[in-house]
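Single-letter residue listing:
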Amino acid sequence: MHMNRAKLKNSITAAVLAAVMILSLMLAGCSGQSGAELKVSEDLESMRYVELDPEINAELEGLLSDQGREYYEMFLGKAGEFDYAITGADRTDKGTVVHVRITTYDFASEYLKSWTEFLEPYENDESKKEGDGKENFDSAQLYETLFRNLSRIAEKKYIADVDINCEEENGKWHTDAAVNAALRDAILGGMLSEMSSLAGL
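Overview of the structure.

1. Observations regarding helix 2 (residues 35-46)
For helix 2, which comprises 12 residues, the first-to-last C-alpha distance of 17 Å matches the rise-based estimate of 16 Å (1.5 Å per residue) to within 8%. A36, E37, V40, S41, D43 and L44 are the residues of helix 2 that are buried. One face of helix 2 carries all of its buried residues, which in axial projection span an arc of 165°. Contacts from the buried residues of helix 2 go to strand 1 (83-91), strand 2 (96-104), strand 3 (158-169), strand 4 (172-175) and helix 7 (181-187).

Below you can see the structure in the form of structure tokens.
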């Protein structure tokens, strides 16, 4: 009788485990994410290490002091801390458009604030201008101030919705995440569009 109870208990345990495994597999299969959405998530994760253009990077490295380089590295690390959520997807003739919401630090506002505060003394003091009318400011000091301020932002207040285009080829999904300008701008908290706006582009 004791043996039968033991066998019965083992059978029930095995049945429960099998049911749990089946349920887990069903949930995994019904997670709601398509192949395109999974690929978008994968690509976004791979973008957490933010890199700037090599020429710009080399120029900054030459300008900045050791402390400035530290601020710069801190800023790049902070830029990789963005949060994202896939908010939907639409099928198109060419593939799938995945909608993503990026939440990150408001680098754009801090960039504008730092730039404005740094230039104000030069704009109001004619003695600090060169003969051709251009401001004679210290670029190294400007960038050091900028990266210090960018690296110290504490709250993620910037939100942007971005569309990522996906195509399936031979059973594999590909996205335009790596070359998507709107996505890169969103990850950098709108700073790229702010820079273009100030430059008149």
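2. Some details on the side chain of E37
Following the sequence through the fold, E37 ends up in helix 2. Only 2.7 Å separates the side chain of E37 from the backbone nitrogen of S34, close enough to count as a polar contact.

3. Overview of the packing of aromatic side chains
As enumerated under the stated definition, the model contains seven aromatic pairs in all. Plain terms: the ring middles of F75 and F107 are 5.2 Å apart, the flat faces sit at 90° to each other, and that makes the pair edge-to-face. Highlighted residues: F75 in helix 4 (residues 66-79) and F107 in helix 5 (residues 107-124), separated in sequence by 32 residues. Neither residue differs from the other here; F75 and F107 are each classed as buried. Centroid distance Y111 to W115: 6.3 Å. Interplanar angle 15°. Geometry classified as stacked. Placement of both Y111 and W115 in helix 5 is noted, with a separation of four residues, approximately one turn of the helix. Residue classification places Y111 among the buried residues on the basis of a relative accessible area of 9%. Exposure remark for W115: the relative accessible area of 26% places this residue in the partly exposed category. When the ring centre of F82 is taken as origin, the NZ or CZ atom of R48, which lies over that ring, is 4.5 Å away. Over the ring of Y105 we find K78; its NZ or CZ atom is 4.4 Å from the centre of that ring.

Definitions and limits used
- Residues numbered from 1 in each chain as written.
- Predicted model: local features only at pLDDT ≥ 70, side-chain atom pairs only at ≥ 80, totals over all residues.
- Heavy atoms only, no water.
- Helix = DSSP H or I, 4+ residues; strand = E, 2+ residues; numbered from the N terminus.
- Expected span 1.5 Å × (residues − 1).
- Buried < 20%, exposed > 50% of the residue type's maximum accessible area, 1.4 Å probe, protein only.
- Arc of directions from axis to C-beta.
- Contact = heavy atoms within 4.5 Å.
- Polar contact = N/O pair within 3.5 Å; in protein donor to acceptor, adjacent residues only side chain to side chain.
- Phe/Tyr/Trp six-rings, centres within 6.5 Å; stacked < 30°, edge-to-face > 60°.
- Lys NZ or Arg CZ within 6 Å of the ring centre and 35° of its normal.

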